Amino acid sequence: MKILSSFYNKNNNNIGSDPFSIKEGSFHDGVLKNSSLRRQWTENSFDPSVGKKDTIGRNFNFNKIYLLAVILIFFISILFGRTAWLQVVKGDYYYMMAEGNRIREERIEPKRGIIYDRNGNTLVRNKANFVLYFIPIDLPRDDIKIQDDIKIKVVSSERMEIFKRISEITDKISLEELENIYSSVTIGSFESYRPLFVADGIDYEKAIKLYLEADRMPGVVVSNKIKREYNLYSMTLSHILGYTGIISREELDSSSDEYSPIDYIGKMGVEYFWENELKGINGKKQIEVDALGYEKKIISKTEAEDGHNLVLSLDIVMQKKMEEIIISYLEKLSLGKASAVILNPNNGEVLTLVSYPSYNNNAFARGITQEEYSSLLEHPDNPLFNRAVSGEFPSGSTIKPVMAAAALQEGVITEKTSFLSTGGVSIGQWYFPDWRAGGHGITDVRKAISQSVNTFFYYIGGGDNNNFQGLGLERIIEYEEKFGLGAQTGIDLAGEADGFLPTREWKEEVKEEPWYIGDTYHLSIGQGDLLVTPLQVVNFISFFANGGTMYRPHLIKQILDGDDVILADVKGEAVRDGFIDNYNVQVVRQGMRETVTEGSARSLSNLPVTSAGKTGTAQWSSVKDNHAWYTGFAPYENPELAFVVLVEEGVEGSAVSVPIMREFLEWYYKEYKPIEE
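In this report, the structure presented in the accompanying data block is examined. If you're wondering where the values come from, they're calculated on a predicted model, not measured in any experiment. (Residues numbered from 1 in each chain as written. Predicted model: local features only at pLDDT ≥ 70, side-chain atom pairs only at ≥ 80, totals over all residues. Heavy atoms only, no water.)

Describing helix α12 (residues 316-333)
Okay, so step 1: Between the first and last C-alpha of α12 there are 26 Å, a value that for 18 residues agrees with the 26 Å anticipated at 1.5 Å per step.
Okay, so step 2: Among all positions of α12, only Ile-316, Met-318, Gln-319, Met-322, Glu-323, Ile-325, Ile-326, Ile-327, Tyr-329 and Leu-330 are buried.
Okay, so step 3: Those residues of α12 hidden inside the fold are in contact with β5 (122-134), α8 (237-241), β15 (338-343), β16 (350-356), β27 (641-647) and α24 (653-672).
Okay, so step 4: Sitting at the head of α12, Asp-315 places a side-chain oxygen 3.0 Å from the backbone nitrogen of Val-317.
Okay, so step 5: Remark: Ser-334 follows α12 within two positions and exhibits a positive phi of approximately 55°. (Helix = DSSP H or I, 4+ residues; strand = E, 2+ residues; numbered from the N terminus. Expected span 1.5 Å × (residues − 1). Buried < 20%, exposed > 50% of the residue type's maximum accessible area, 1.4 Å probe, protein only. Contact = heavy atoms within 4.5 Å. Polar contact = N/O pair within 3.5 Å; in protein donor to acceptor, adjacent residues only side chain to side chain.)

Below you can see the structure in the form of structure tokens.
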């Protein structure tokens, strides 16, 4: 220190000019106060090794840096890929989940459209219905505890208390059922933000209790939704109207975002077929919620558009009367199954559609019990089955006007062609009988229709296996297809059957037998494997009634808005015409008229209205009675009704189906719409 002090005093005048100078005041009382003295300068001043050249050795392997770089790039790539997946691919999903914790979108349900008959009678109305559902994400969640390195789920006691209270109030949902409903959704998934149906049809008092306690039950919602109630002036309306029910998982998965798990949807009938018109367009409300899922404020709102109202072509008074008549005859005969259809032959409007037995669709609308459903399924006459549209039966002699028209059109016969009916036709060892022993004598086409002469139709269908050539199988199939057989008519009801037209190829493939002339004979009189629906029969009879046009049958007459303002009139759609000359149509009409004046439907000749028709007796079983048909139209000169009646196992059309139609037409033209004189 003395040396340093001496040095300092000796060079005091030069302080500040030397780059290694020490500022004045750096030492005080022998202590260094300012550390401005540079470390390098002091080391160089007192280190004896200064001036010697040192060499630093390289002991790091730079080749390893490439391996380190590859590892770093690999992990950075994983991190980048995961980030891209979360932000780009799943970005919308997680954004919606995050927003779901704060902002939610609620649907505003529109009113479902009302259904009227053609005279303005209300067939269905909307009724208040209390629905209980969960928002799973808002319900108290289970806890996870770790014990001995094992994760154990601890069921939320708070949620179980909520479920217990719900079970006590509703008195119909068990604690186990509620937990199973909750467990059906994975918490945290998108589904957990959607409503989860629990129960509907809750009594008013119970719904109020649940509503008042909902503030203490996060995730539990009681809502007032629309439920359908049907005015069953006629029980057979159930097959036409159908019903609505809670949407199933399959229906929800296959539908668009227009539905939620607590929605009702058309299940059968008009409710199903016209679902898009009836349901309306959902509104939406965007709300901000708190941590428990309760609404804090409305951010935006779009009002719902109510569904369209529908006016059916159906006349409920006619429907009810036909149902009453059919039931009375069935009770007299101890029978259980029948159907009837009445169309406007000039446009295809369905005026009456009866399928008996039927069921009460209100049971399905409110939620049918298992016992009620089982009784319907186990009923021997299958009341859930719409026989008029979905039933397939042998046509019997109702097919004969079609066969006559085809033979006339193809030139196989003329109106003057006659055959001698002696009781049947022999082909080799086989004999094909007429229904009357000894036959009908000389028969032309008009008499063949009115007397239902089998022999005549054997000839025009399959020939006599000698000189006379009939239509043959291919031409029979061609014309029956033109008359709508073997295909759906296109009526606006689900579940329509298409019937069946047997072909040569079908028989060879299915029955492993060749097609015989006897098969053609059977087909010509509506027997064998030919199957038709009552709707198909009345549809081709309408062709003869209106003079030669096939219309598509339809049930909807008008579409209205929610205020009953007409949006559209549903016009009759002509699907085919011109394939039978007008003169040939008139010949067939004349034959059907003679059925009433002097044939198998003579009991209709004393009505206050002229009519035409065709009876049918269809064999379908070797141990059960035949089916009984009657089809026709009225008035004969200017038809406004085309009709068909089928009584299953009714033995004979002239004995049971004709009297049913006679009673209806007498009521219609004497009481309901009397003919002006």
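On we go from here.
What to know about the packing of aromatic side chains
Okay, so step 1: This structure, assessed with the given rule, holds 30 aromatic pairs.
Okay, so step 2: Arranged with centres 5.1 Å apart and planes meeting at 75°, the rings of Phe-419 and Phe-468 form a pair that is edge-to-face. Of this pair, Phe-419 sits in strand β17 (residues 419-421) while Phe-468 is found in the loop between α18 (454-462) and α19 (472-482), placing the two residues 49 residues apart along the sequence. For the residue pair Phe-419 and Phe-468, the accessibility class agrees, reading buried in each case. (Phe/Tyr/Trp six-rings, centres within 6.5 Å; stacked < 30°, edge-to-face > 60°.)

A short note on a negative patch on the surface
Okay, so step 1: A surface patch of negative charge is lined by Glu-305, Asp-306, Asp-563 and Asp-564.
Okay, so step 2: Summarising the element assignment, Asp-563 is placed in the loop between β22 (556-560) and β23 (566-569). (Patch = residues over 30% accessible without salt bridge, like charges linked within 9 Å, V, L, I, M, F, W, Y side chains within 5 Å. Areas by Shrake-Rupley, 256 points an atom, 1.4 Å probe, with all protein chains shown as cover. Salt bridge = Lys/Arg side-chain N within 4 Å of Asp/Glu carboxyl O. Lys, Arg positive; Asp, Glu negative; His and termini not counted. Charge placed at Lys NZ, Arg CZ, Asp CG, Glu CD.)

A short note on the packing of helix α16 (residues 400-409) against α19
Okay, so step 1: Relative orientation of the contacting elements α16 and α19 amounts to 115°, with a least axis distance of 10 Å. In the packing of α16 onto α19, the handedness of the crossing is right-handed. Seen from α16, the contacting residues are Val-402, Met-403, Ala-406 and Gln-409; seen from α19, they are Ile-476, Tyr-479 and Glu-480.
Okay, so step 2: Looking at the contact of α16 with α19 residue by residue, the classes come out as five nonpolar, one polar and one charged. (Axes fitted to C-alpha atoms, helices over the stretch in contact; angles between N-to-C directions. Left-handed = near helix turned anticlockwise from the far one by under 90°. Nonpolar A, V, L, I, M, F, W, Y, C, P; charged D, E, K, R; others polar.)

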